[in-house]
Amino acid sequence: MAFPGESAAYRTARDQLLDREIELRRATEAVAAARRALPPGGVVPEDYVFQGAGPDGAPADVRLSELFAPDKDSLVIYSYMFPRHPGDSRPGPKSGHSAELKLKEGPCPSCTALLDQLDGAAEHVGQHVNFVVVARTPLPRLLTFAQERGWRHLRLLSAADNSYSRDYLAEAVDGSSMPMLNVFHRDGGTIRHFWGSEMLYSPMESGHGPRHVDALDPLWNMFDLTPEGRGMDWAEQLDYSSKP
C-alpha cells in the first residue's frame, strides 16, 4: 500500500497503525460475540403502555409487546433526552412551535444530532429488527418537533405516563432524562431485557465522553479519522446558521 507523495516514515507509522486497527477490529468482533452470548436477561416487569400516533394520526396507546413485528424478535429502544438535561444551556430551536418551549423543556441537541442520522438508517434497520425512540415529553411536543426537524422514518413514542424510563436507567436519580439505549428480545410469549448501554454510567477517563452509543454515531467516528479528532471544545447544536 502506498499513496502519492508519502514518506517512508509515514508508511512505517501507518503500517504500525494498521496492525492496531486490525486488533481493534478483532476486539470489536469479540465483544459483539460476547454480547450475543449473554445469559438470558431479566423478564420485563410489565407491558409498558406508550403513546404514539395511530393510523389516523391521533394519539393512541401502544404496549411494549406490540412493538415487536411478527417476524422480528429483537427490539431496540433509544431514550431521547426530551426534555433535555437541566444543565444543558445550548440554544433551543430557533423556529416553529418548538421554539416556544422553555429551554429546559426542549430537546437535547446531541440526541437530536444522533437521531438526524438514525432517521436515515431507520428504514434499513427495520428490515432486521424493531427500532423505536421514546421520550418523556408529551406526544404532541415530540411529534411537532419531529415534523419541524424533517424526520420521516423514526417511530416516536412518548413515555410520559409510564415508568419505563425510570426502570431502564433512562432517568437519573434527580429525575432528569438520560440517553440510554436498551435492547429487548422476545422468546415466545416472554420478553426479556437483553442489553443496555451501561457504559453511560461508568467512570469517564480524562478527555473522553461516555461513548456508550459510539458504534451508532457516524458523526464522532468520522471526526476520529481526522487530525483534529473529536476535540473538547465543540458540541452538537440544533442550528449552525449562526454560532451560539
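Residues numbered from 1 in each chain as written. Predicted model: local features only at pLDDT ≥ 70, side-chain atom pairs only at ≥ 80, totals over all residues. Heavy atoms only, no water.

J.: Before we go on, may I ask you to explain the overall build of the chain in this structure?
T.: Secondary structure assignment for the chain yields five helices and seven strands. Based on the C-alpha atoms only, the size of the chain along its principal axes is roughly 65 × 50 × 35 Å. Across the 244 residues of the chain, 35% fall into the buried class. Sequence-distant contacts, at least 24 apart, represent 60% of the contacts inside the chain between residues at least 6 apart. Summed over its atoms, the accessible surface of the chain is roughly 14700 Å², and 55% of this surface lies on carbon and sulfur atoms. Counting 25 positive and 34 negative side-chain charges, the chain places the averaged centre of each group 1 Å from the other. (Helix = DSSP H or I, 4+ residues; strand = E, 2+ residues; numbered from the N terminus. Buried < 20%, exposed > 50% of the residue type's maximum accessible area, 1.4 Å probe, protein only. Contact = heavy atoms within 4.5 Å. Areas by Shrake-Rupley, 256 points an atom, 1.4 Å probe, with all protein chains shown as cover. Lys, Arg positive; Asp, Glu negative; His and termini not counted. Charge placed at Lys NZ, Arg CZ, Asp CG, Glu CD.)

J.: Before we go on, may I ask you to explain the pattern of salt bridges in this structure?
T.: In a structure, side chains of opposite charge can pair up when their charged atoms sit close to one another. Considering all chains together, one arrives at 15 salt bridges under this definition. Between Asp-73 and Arg-186 there is a salt bridge whose closest N-O contact spans 2.8 Å. Note that Asp-73 is positioned in the loop between strand 2 (59–63) and strand 3 (74–80) and Arg-186 in strand 6 (residues 181–187), a separation of 113 residues in sequence. A salt bridge links Asp-88 to Arg-84; the shortest N-O distance between them is 3.5 Å. As far as the burial class goes, Asp-88 and Arg-84 line up, both buried. Look at the salt bridges and you will find they share partners, linking Arg-84, Asp-88, Arg-90 and Glu-236 into a network. (Salt bridge = Lys/Arg side-chain N within 4 Å of Asp/Glu carboxyl O.)

J.: What am I meant to see in the environment of Pro-59 here?
T.: Position of Pro-59 among the secondary structure elements: in strand 2. Distance in space between the C-alpha atoms of Pro-59 and Met-1 is 57 Å, their sequence separation being 58 residues.

J.: Quick question: what am I supposed to make of the layout of surface pockets here?
T.: Where empty space is left becomes clear once a probe the size of a water molecule has been rolled over the atoms. The calculated volume of the largest pocket comes to roughly 1800 Å³. Lining the largest pocket are 43 residues, and of these Thr-28, Arg-211, Asp-214, Ala-215 and Asn-221 sit closest to its centre. Looking at the lining of the largest pocket, the elements that each hand over two or more residues are helix 1 (8–36), strand 3, strand 6 and strand 7 (190–196). Among the residues forming the lining of the largest pocket, the class breakdown is 21 nonpolar, eleven polar and eleven charged. Looking at the second largest pocket, its volume works out to about 930 Å³. Looking at the second largest pocket, it is lined by 28 residues, and the ones nearest its centre are Ser-110, Gly-209, Pro-210, Trp-220 and Glu-236. At three residues, helix 2 (residues 109–125) tops the list of elements feeding residues into the lining of the second largest pocket. Here the lining of the second largest pocket is built from residues that sort into 15 nonpolar, six polar and seven charged. (1 Å grid on protein atoms, 1.4 Å probe; cavity = no way out; pocket = protein on both sides within 12 Å on 5 of 7 lines; lining within 4 Å. Points joined across faces, edges and corners; volume = space filled by probe spheres on them. Nonpolar A, V, L, I, M, F, W, Y, C, P; charged D, E, K, R; others polar.)

J.: I would appreciate a short explanation of empty space enclosed by the protein in the present structure.
T.: Taken as a whole, this structure holds one cavity of 30 Å³ or more when the rule is applied. In this structure, the largest cavity encloses a volume near 40 Å³. In terms of lining residues, the largest cavity is bounded by Ser-79, Tyr-80, Val-134, Ala-135, Arg-136, Ser-165, Ala-170, Ser-177 and Met-178. Within the residue set of the lining of the largest cavity, elements represented by two or more residues are strand 3 and strand 4 (130–135). Class assignment of the residues belonging to the lining of the largest cavity gives a composition of five nonpolar, three polar and one charged.

J.: Can you help me understand the packing of aromatic side chains in this one?
T.: What characterises a pair of aromatic rings is the spacing of the ring centres plus the angle enclosed by the ring planes. As enumerated under the stated definition, the model contains 14 aromatic pairs in all. With a centroid separation of 5.1 Å and 80° between ring planes, the pair formed by Tyr-168 and Phe-184 is classed as edge-to-face. Taken together, the residues Tyr-168 in the loop between helix 4 (164–167) and strand 6 and Phe-184 in strand 6 connect sequence positions 16 residues apart. For the pair shown, Tyr-168 and Phe-184 are each scored as buried. Measuring from centroid to centroid gives 5.5 Å for Trp-220 and Phe-223, while their planes differ by 85°, and the two rings are edge-to-face. Of this pair, Trp-220 and Phe-223 are both found in helix 5 (residues 218–223), three residues apart, which corresponds to roughly one turn of the helix. Using a relative accessible area of 24% as the deciding quantity, one classes Phe-223 as partly exposed. Site record: aromatic cluster; members linked through ring pairs are Tyr-48, Phe-50, Tyr-164, Tyr-168 and Phe-184. Here Arg-35 stacks its cationic end above the ring of Trp-195, 5.2 Å away from the centre of that ring. (Phe/Tyr/Trp six-rings, centres within 6.5 Å; stacked < 30°, edge-to-face > 60°. Lys NZ or Arg CZ within 6 Å of the ring centre and 35° of its normal.)

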